[in-house]
Amino acid sequence: MTHASSDRTEQELRRREERAALDDRGIDPYPYAWATDAHAEDILETFDDDKHQPEDGEAGDYEVSIAGRITDLRIMGGSTFFDLRDETGRIQVYVRAQDLGDDYYEEVFTDLFDIGDIVGVKGYAFRTGMGEVTVRASDDFQLLAKSLRPMPVVKETEEETFYEVTDKEFRYRQRYVDLAVNPEVRTVFRQRSALVSAMRDFLDEQGCLEVDTPILQPVYGGATARPFKTHHNALDMPLYLRIANELYLKRLLVGGLEGVYEIGKDFRNEGLSRFHNPEFTMMECYVAYKDYRWMMDFTESLLHATATALHDTPTVEFEGNEIELGGAWRRVSFFDAIEDETGIDLYQEDAERVYEAAANEMELQEVTPDMGLGALLDEVFSEMVEPGLIQPTFVTDYPVELSPLAKAHRVKEGLVERFELVVAGREIANAFSELNDPQEQRQRFEAQARQRAEEEDVGPEALIDEDYLRALEYGMPPAAGLGIGIDRLTMILTGQESIRDVILFPLLRPEGD
RNA sequence: AGGCUCGUAGCUCAAUCUGGUAGAGCAACGGACUCUUAAUCCGUGAGUUGGGGGUUCGAGUCCCCCCGGGCCUACCA
């Protein structure tokens with residue numbers, strides 16, 4: 001892990017020598033600021049040949065001050081073109097020895113500046129003989145940050161890109177390089193930001209209050225998942241990183257807030273895959289006096305707003321499918337969906353019959369006779385139904401076994417008022433009419449506690465949230481709740497097939513030495 | 001956790017099947033070049049082939065173990 005100079009590459013050593021040479025000349029390789037008044041994109045869009053193109057030998061009147069990283073250099077004796085990339089894109093800069101002064105041009109610019117350095121340029125825009133809008137640098141041209149490591153150089157033409165950095169590990173571990181050399185990565189994360197903003201705007205407009213609830217929790221709940229465990233020194237107490245926000249947000253409904261939401265990280269101590277990162281971003285929203293039917297309409301509007309914020313249209317292309325997010329979405333009950341797909345009605349069947357149907361008629365490999373009814377139905381649904389639900393579909397009315405925090409269905413026995421939104425075969429949202437009967441809630445918690453304590457390797461006291469039950473005993477209004485996985489939604493709306501491509505710094509194993 | 005697969009210069013990749021001095025482009029260095037744009041031209045340097053062990057006269061290549069990545073499965077919403 002030490003970096004003795006002998007470990008450095010030739011190019012790293014040379015750049016350190018250049019930095020020393022800059023110091024010797026009294027040129028600060030890391031100055032404090034640079035006043036910019038333009039970006040690459042603006043200049044390219046607003047340059048007007050009739051207005052701004054200078055006469056031969058004259059200076060142009062479109063003056064700009066820009067800053068960014070040198071990404072390619074074409075030195076031709078006393079004149080040089082280089083590409084400068086800022087947050088908005090790439091623009092070409094033209095530098096002439098006579099403009100900078102021969103000494104500075106030869107001994108500083110061509111000698112001591114490199115691809116990867118960040119520079120500030122003042123000058124005027126013009127169109128070159130080859131037709132490219134370019135900034136001609138004046139003598140007000142300086143280094144803003146010396147790069148001591150060679151940045152990968154990506155070459156491109158209109159049609160093709162060469163030497164593109166594609167190594168996934170490199171890109172995830174050194175996301176800063178990925179962002180610097182792969183502009184489309186910035187686009188994805190800009191879209192992610194736009195998505196979250198659009199969602200936040202929508203929720204604010206609906207009168208919901210954005211809140212922050214604890215990430216460090218003495219008792220964790222709101223989902224079934226293994227937690228991360230940590231310890232607080234001063235209080236000498238164990239704490240868990242939250243696996244869901246649900247139970248705290250619903251306490252706020254007890255307190256009289258009628259609409260609350262939170263966008264933040266949850267943490268689940270489980271495996272990694274292209275759909276799972278141990279920390280991920282959830283939006284959870286709770287609205288008093290509403291039920292899950294209302295919440296379906298609300299969810300449609302919410303996702304319509306977020307999708308159009310990214311694409312101007314509610315239609316997105318994902319994995320070769322046109323996904324239509326506009327309009328009203330199909331609604332089908334959990335058991336009807338299974339029956340539609342398999343011809344078998346499992347509603348109100350017992351575990352034995354469900355096992356038999358799953359194992360024999362559906363030929364599912366993963367089911368075993370000792371699985372509980374909930375687990376069996378979940379398996380049947382995940383295998384037989386979910387992958388086929390490409391267009392947005394509300395799947396409603398789940399078995400109570402799968403939903404300990406949802407309110408019993410007002411008509412259908414053994415079911416709860418819950419829906420999941422499935423898009424492109426993936427669960428995007430989960431919602432229910434919230435259970436607010438404290439006595440029934442206690443029974444459901446207790447029914448789960450023993451089994452979960454074993455599975456999740458924690459004491460049962462960590463599983464029953466007595467304070468939450470106390471809150472419910474004061475009275476929580478009827479309410480509808482919604483949870484949306486922001487990462488997975490971003491995947492669909494930006495066309496990314498791995499969650500790691502929508503998380504800036506995904507968890508990876510530590511680098512070896 | 002299991003299966004498949006990959007790891008070669010700063011970056012992108014050849015050479016692996018069929019063992020025989022590890023190559024190219026970009027980047028870098030020296031030189032020419034004041035409207036180039038994958039700039040061009042001449043020249044130069046750069047590698048513990050992810051790590052360790054084994055087979056062999058000889059290993060980037062074959063075998064075993066380990067590390068890391070990707071995909072699939074499992075775990076899991």
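Here is a short report on the structure shown in this document.

Here we come to the overall build of chain A. Within chain A one finds 16 helices and 20 strands. Its C-alpha atoms put chain A at 85 × 55 × 50 Å along the principal axes. Counting across all 513 residues of chain A, residues that qualify as buried make up 48%. Considering only contacts in chain A between residues 6 or more positions apart, those separated by 24 or more positions represent 66%. The distance from the centre of the 52 positive side-chain charges to the centre of the 106 negative ones in chain A is 3 Å.

Here we come to a nonpolar patch on the surface. Taken together, Tyr-176, Leu-504 and Phe-505 make up a surface patch of nonpolar side chains, about 340 Å² in accessible area. Note on Tyr-176: relative accessible area 52%, which makes it exposed.

It is worth spelling out the protein's contact with RNA strand B at this point. Near RNA strand B you find 57 residues, and of these Lys-155, Tyr-163, Glu-169, Thr-224 and Glu-270 are the closest. Of all atoms in RNA strand B that approach within 4 Å of the protein, 61% are sugar or phosphate atoms. Contacts to RNA strand B include Glu-270, whose side-chain N or O atom sits 2.3 Å from a sugar or linking oxygen. The separation between a phosphate oxygen of RNA strand B and a polar side-chain atom of Arg-274 is 2.8 Å.

Its location among the elements puts Asp-86 in strand E2 (residues 79-86). No salt bridge is formed by the buried Asp-86; the nearest opposite charge belongs to Arg-186, separated by 5.9 Å. Polar side-chain contacts of Asp-86 include one of 2.8 Å to the backbone nitrogen of Ala-40. Only 2.7 Å separates the side chain of Asp-86 from the side chain of Thr-88, close enough to count as a polar contact. In this view, Asp-86 contacts His-39, Ala-40, Ala-67 and Arg-186; residues no more than four positions away in its chain are not counted.

Relative to the assigned elements, Arg-426 resides in strand E19 (residues 426-433). With relative accessibility at 11%, the residue Arg-426 sits in the buried group. Among the polar contacts listed, one links the side chain of Arg-426 to the side chain of Glu-319, at a separation of 3.1 Å. Within polar-contact distance, the side chain of Arg-426 engages the backbone oxygen of Ala-424 at 2.9 Å. The contact partners of Arg-426, leaving out residues within four places of it in the chain, are Arg-274, Phe-275, Phe-318, Glu-319, Leu-421 and Ile-492.

Turning our eyes to something else, we now look at helix H10 (residues 292-311). Along an α-helix, a turn takes 3.6 residues, which lines up residues three or four apart on a common side. For H10, with 20 residues, the first-to-last C-alpha span of 28 Å sits near the 28 Å given by 1.5 Å per residue. Here H10 has its buried residues at Tyr-292, Met-295, Met-296, Phe-298, Thr-299, Glu-300, Leu-302, Leu-303, Thr-306, Ala-307 and Leu-310. Regarding H10, its N-cap is Asp-291, as a side-chain oxygen of that residue lies 3.1 Å from the backbone nitrogen of Arg-293 further along. The positive-phi residue at the C-terminal boundary of H10 is Asp-312, with phi of around 70°.

As summarised here, the arrangement of the eight strands in space is E8-E12-E13-E20-E19-E18-E17-E16, forming an open sheet in which the pairing is mixed. In this open sheet, the two strands that pair with only one neighbour each are strand E8 (209-210) and strand E16 (330-333). Sheet topology places strand E12 (residues 259-267) next to strand E13 (residues 279-288); nine bridges connect them, and they run antiparallel. Pairing of Phe-267 across the sheet is with Glu-279, part of E13. Here helix H9 (residues 246-254) sits on the sheet and contacts E12, E13, E19 and strand E20 (479-485); the angle it forms with E13, its principal contact strand, is near 25°. Here helix H16 (residues 486-494) sits on the sheet and contacts E13, strand E18 (415-423), E19 and E20; the angle it forms with E20, its principal contact strand, is near 60°.

On the surface, Asp-336, Glu-339, Asp-345, Glu-349, Asp-350 and Glu-352 cluster together to form a negatively charged patch. Within the element layout of this structure, Glu-349 appears in the loop between helix H11 (334-342) and helix H12 (351-361).

All right, on to the packing of H9 against helix H15 (residues 466-474) then. With their axes 9 Å apart at the nearest point, H9 and H15 run at an angle of 25° to one another. Taken together, the axis directions place H9 and H15 in an arrangement best described as roughly parallel. Between H9 and H15 lies a crossing whose hand is left-handed. Facing Leu-247, Lys-250, Arg-251 and Val-254 of H9, the residues of H15 in contact are Asp-467, Tyr-468, Ala-471 and Tyr-474.

Take the packing of helix H1 (residues 10-24) against helix H5 (residues 102-112) next. At a minimum axis separation of 11 Å, H1 and H5 run at an interaxial angle of 150°. Considering their axes alone, H1 and H5 lie roughly antiparallel with respect to each other. H1 and H5 meet at a crossing whose hand is left-handed. Contacts between H1 and H5 involve Glu-18, Ala-21 and Leu-22 from the first element and Val-108, Asp-111 and Leu-112 from the second. Classifying every residue of the contact of H1 with H5 gives four nonpolar, no polar and two charged.

Cut-offs and rules
What you see as residue numbers is a count from 1 along each chain, following the sequence as written. Naming scheme: in the order in which they are written, chains are lettered from A and ligands are numbered from 1. Residues qualify for local features only when their pLDDT is at least 70, as the model is predicted, and side-chain atom pairs are given and counted only at 80 or more; totals for whole chains, interfaces and linings, by contrast, use all residues. Excluding hydrogens and water, the side-chain values take into account all heavy atoms of the structure. To qualify as a helix, a DSSP run of H or I must reach at least 4 residues; to qualify as a strand, a run of E must reach at least 2; elements of each kind are numbered from the N terminus. Here's how the labels work: a residue is buried when its accessible area is under 20% of the maximum for its type, exposed when over 50%, partly exposed in between, all with a 1.4 Å probe on protein chains only. Any two residues having at least one pair of non-hydrogen atoms within 4.5 Å are treated as being in contact. Charged residues are defined here as Lys and Arg on the positive side and Asp and Glu on the negative side; His and the ends of the chain fall outside this count. By convention, charge coordinates are those of NZ in Lys, CZ in Arg, CG in Asp, or CD in Glu. Only residues whose relative accessible area exceeds 30% and that take part in no salt bridge are eligible for patches, with like-charged residues grouped when within 9 Å of each other and nonpolar side chains (Val, Leu, Ile, Met, Phe, Trp, Tyr) grouped when within 5 Å. Accessible areas in this description were obtained via Shrake-Rupley with a 1.4 Å probe; residue shielding takes into account the shown protein chains only. A pairing counts as a salt bridge when a side-chain nitrogen of Lys or Arg comes within 4 Å of a carboxyl oxygen of Asp or Glu. A molecule or strand has a residue near it when one of that residue's heavy atoms lies within 4 Å. Polar contacts here mean pairs of N or O atoms no more than 3.5 Å apart (in protein, one a potential hydrogen donor and the other a potential acceptor; neighbouring residues in sequence count only if both atoms are side-chain atoms). Given the number of residues in a helix, its expected span is that number minus one, multiplied by 1.5 Å. One bridge is not enough; two strands pair if DSSP finds at least two bridges between them. For helices, the fitted axis covers only the stretch in contact; all axes are lines through C-alpha atoms, and the angles between them, taken along N-to-C directions, range from 0 to 180 degrees. Note on angle classes: values under 35 degrees are labelled roughly parallel, values over 145 roughly antiparallel, values of 65 to 115 roughly perpendicular, and the remainder oblique. Crossings are assigned a handedness: left-handed for a near helix turned anticlockwise from the far helix by less than a right angle, right-handed for a clockwise turn. In this classification, Asp, Glu, Lys and Arg are treated as charged, Ala, Val, Leu, Ile, Met, Phe, Trp, Tyr, Cys and Pro as nonpolar, and every other residue, Gly included, as polar.

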